[in-house]
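Letter by letter, the chains look like this.
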Amino acid sequence: MRAVSYSATGQPPTLGPWPDPVCPDDGVVVRVGATGVCRSDWHAWRGHDPVPLPHVPGHELAGTVAAVGRGVRRWAVGDRVTVPFVCGCGRCEWCAAGDTQVCPDQTQPGFTGPGSFAELVALNAADTNLVRLPDGLDVVTAASLGCRLATAFRALVTHGRVAAGDWVAVHGCGGVGLSAVMVAAALGARVVAIDVSPAALARATELGATATVRADDPVAEVRELTGGVHVSLDAVGSPETAVASVRCLRPRGRHVQVGLLLGDASTPPLPMDLVVARELSVHGSHGMPAHQYPDLLALVADGALDPGLLVGRVIGLDEAGAALAAMDEPATSAGMTVVRMD
Ligand SMILES: [Zn+2]
Ligand SMILES: [Zn+2]
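Residues numbered from 1 in each chain as written. Chains lettered and ligands numbered in written order. Predicted model: local features only at pLDDT ≥ 70, side-chain atom pairs only at ≥ 80, totals over all residues. Heavy atoms only, no water.

Trainee: Describe the coordination of the zinc ion (ligand 2), listing the residues and the values that go with them.
Mentor: The protein atoms donating to the zinc ion (ligand 2) are Cys89 (SG), Cys92 (SG), Cys95 (SG) and Cys103 (SG), with metal-donor distances spanning 2.3 to 2.4 Å. Around the zinc ion (ligand 2) sit 4 donor atoms; with metal-centred angles ranging over 102 to 116°, the donor geometry is tetrahedral. The sequence motif formed by the donor residues of the zinc ion (ligand 2) is C-x2-C-x2-C-x7-C. Across the pair, exposure class does not vary: cysteine 95 and cysteine 103 are buried alike. (Donors = N, O, S within 2.8 Å, 3.2 Å for Na, K, Ca; no water. Tetrahedral: all angles 85-135°; square planar, octahedral: opposite > 155°, others 65-115°. Buried < 20%, exposed > 50% of the residue type's maximum accessible area, 1.4 Å probe, protein only.)

Trainee: Can you break down the pattern of salt bridges residue by residue, with the values?
Mentor: Scanning the model with the defined rule gives 8 salt bridges in all. Here arginine 132 and aspartate 79 are joined by a salt bridge, their closest N and O atoms 3.5 Å apart. On the criterion of sequence distance, the pair formed by arginine 132 in strand 7 (residues 131-132) and aspartate 79 in the loop between strand 4 (60-68) and strand 5 (80-82) is long-range, its members being 53 residues apart. For aspartate 79, a relative accessible area of 17% puts it in the buried group. (Salt bridge = Lys/Arg side-chain N within 4 Å of Asp/Glu carboxyl O. Helix = DSSP H or I, 4+ residues; strand = E, 2+ residues; numbered from the N terminus.)

Trainee: Residue-level account of the nonpolar core, with values.
Mentor: Leu156, Val168, Val181, Leu233, Leu296 and Leu305 are the most contacted members of the largest nonpolar core, which totals 45 residues. If you list the elements that add at least two residues to this core, you get helix 5 (145-159), strand 8 (167-171), helix 6 (175-186), strand 9 (190-194), helix 7 (198-206), strand 11 (229-234) and helix 11 (293-301). Residues contacting valine 181, with those up to four places away along its chain left out, are Val170, Val191, Ala193, Ala204, Leu207, Gly208 and Ala209. In terms of nonpolar packing, the next biggest core, distinct from the first, is built from 35 residues, Val51, Leu61, Leu123 and Leu317 among them. (Core = buried A, V, L, I, M, F, W, Y, C linked by side-chain atoms within 4.5 Å. Contact = heavy atoms within 4.5 Å.)

Trainee: Could you give an account of the packing of helix 5 against helix 6, with specific residues and numbers?
Mentor: Contact pair helix 5 / helix 6: the axes reach a minimum separation of 8 Å and the direction vectors enclose 55°. One finds that helix 5 runs oblique with respect to helix 6. The two elements helix 5 and helix 6 cross, and the hand of that crossing is right-handed. Note on element contacts: helix 6 touches helix 5 through Gly175, Val176, Ser179, Ala180, Val183 and Ala184, opposite Arg148, Leu149, Thr151, Ala152, Phe153 and Leu156. Split by residue class, the contact of helix 5 with helix 6 holds 8 nonpolar, 3 polar and 1 charged. (Axes fitted to C-alpha atoms, helices over the stretch in contact; angles between N-to-C directions. Parallel < 35°, antiparallel > 145°, perpendicular 65-115°, else oblique. Left-handed = near helix turned anticlockwise from the far one by under 90°. Nonpolar A, V, L, I, M, F, W, Y, C, P; charged D, E, K, R; others polar.)

Trainee: Which residues make up the side chain of threonine 337, and what are the values?
Mentor: Within the secondary structure layout, threonine 337 lies in strand 15 (residues 336-340). Sequence-distant contacts of threonine 337, that is, excluding residues within four places in its chain, are made with Gly36, Val37, Arg313, Ile315 and Ala323.

Trainee: Pulling in residues and values, what's your account of the coordination of the zinc ion (ligand 1)?
Mentor: Ligation of the zinc ion (ligand 1) by protein atoms is provided by Cys38 (SG), His59 (NE2), Glu60 (OE) and Cys147 (SG), these donors lying 2.0 to 2.3 Å from the ion. Angles of 91 to 124° at the metal separate the 4 donor atoms of the zinc ion (ligand 1), which places the site in the tetrahedral class. Written as a sequence motif, the donor arrangement for the zinc ion (ligand 1) is C-x20-H-E-x86-C. Of this pair, histidine 59 sits in the loop between helix 1 (39-45) and strand 4 while cysteine 147 sits in helix 5, placing them 88 residues apart in sequence.

Trainee: Talk me through the packing of aromatic side chains; I want residue IDs and the actual numbers.
Mentor: Enumeration over the complete set of coordinates arrives at 0 aromatic pairs. Its end group placed over the ring of tryptophan 42, arginine 39 keeps NZ or CZ at 5.1 Å from the ring centre. (Phe/Tyr/Trp six-rings, centres within 6.5 Å; stacked < 30°, edge-to-face > 60°. Lys NZ or Arg CZ within 6 Å of the ring centre and 35° of its normal.)

Trainee: Describe the sheet that holds strand 10 (residues 211-213), naming the residues involved and giving the relevant values.
Mentor: Taken in spatial order, the 6 strands make up an open sheet running 10-9-8-11-12-13, and their pairing is parallel. Strands with a single pairing partner mark the edges of an open sheet, and in this sheet they are strand 10 and strand 13 (281-284). Taking each pair of neighbouring strands and ignoring which way they run, the sheet shows an average axis angle of 20°. (Pairing = 2+ DSSP bridges.)

Trainee: Can you explain the pairing of strand 11? Please cite residues and give values.
Mentor: Among the 6 residues that make up strand 11, 5 are buried, leaving the element largely enclosed by the rest of the structure. As paired strands, strand 8 and strand 11 are joined by 4 bridges and run parallel to one another. Bridge pairing in strand 11 links alanine 169 to serine 232. Pairing analysis gives 5 bridges linking strand 11 to strand 12 (residues 249-257), with the strands arranged parallel.

Trainee: Lay out unusual backbone geometry in plain terms, naming residues and giving numbers.
Mentor: Backbone torsion omega between leucine 53 and proline 54 reads -5°, so that peptide bond is classified as cis. Looking at the secondary structure, you find proline 54 in the loop between helix 1 and strand 4. One non-glycine residue, arginine 252, lies in positive phi territory at about 70°. With respect to the secondary-structure elements, arginine 252 resides in strand 12. The backbone of leucine 261 shows a phi angle near 55°, a positive value even though the residue is not glycine. As for its position among the elements, leucine 261 is in the loop between strand 12 and helix 10 (272-277).

Structure, rendered in structure tokens:
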């Protein structure tokens with residue numbers, strides 16, 4: 001098959017031949033229909049997040065089942081599917097409880113093994129991890145669900161327990177932040193979007209933000225606007241945004257850490273005095289298990305949420321390597337790039 005790969009971190013990813021994946025006994029091989037280009041792939045390529053080399057990136061995929069392992073019961077060749085970026089092992093106590101997103105034996109296509117910048121990709125524990133695509137959902141839109149939108153959905157619904165009318169602060173309006181703005185608005189929340197980029201804030205307003213704050217230190221302005229928010233997301237993953245997120249909360253409010261806090265940023269000095277005095281909760285959110293996708297897909301089906309709005313450029317597999325390398329430049333608010341296979 002053909003795949004985009006690199007053999008050393010930072011080396012330009014190139015399209016070329018790559019061995020066909022072997023179908024796992026408990027898994028499937030999917031013929032990739034579309035795959036998103038994500039900043040997490042860029043972090044791996046730059047060496048911020050170690051991956052086996054040589055490596056095929058790509059973890060936001062949708063496609064068609066092309067081969068089925070002999071232990072798989074729920075899936076057949078020809079099924080249209082997507083998959084969370086974290087695949088649980090399907091055997092441990094966390095997977096049994098439905099929490100595949102924190103499985104200690106998790107696999108992540110495009111990180112722990114070859115990903116979906118390829119014609120074919122192998123996925124483990126298919127009965128646990130695959131998500132069936134509704135007939136009306138095209139592969140490009142479906143590829144945009146798997147990472148940022150699913151992550152935003154679980155952060156807001158499961159951890160944030162957002163209710164209609166709640167104030168939600170979203171710190172950082174990149175891919176996952178803009179997804180969170182859209183999902184929170186779809187849930188009926190009032191959203192205050194925070195970023196230093198006027199273009200990102202304009203996009204947040206188009207996607208449903210009630211108010212925007214452009215500041216390095218947004219806490220006073222957010223508190224004045226909202227009286228303190230019910231739920232606050234750090235969608236950046238820096239010590240400054242994590243701390244600001246906690247400080248924006250009203251009593252009993254919920255901070256959800258979505259940004260990854262890599263490297264030197266890994267231990268932000270959260271104001272635990274406020275966590276005690278205001279009885280705040282601090283949550284980490286890490287993707288979303290397959291069984292929760294129907295709730296997200298229901299929002300899409302009834303028109304409350306249009307993931308297509310997040311899609312910017314659609315390119316071919318031959319352009320995927322260049323699109324990944326282009327992430328050396330800061331994110332623009334032009335939307336996510338999706339690779340569509342021919
Ligand atoms: Zn991603
Ligand atoms: Zn597991």
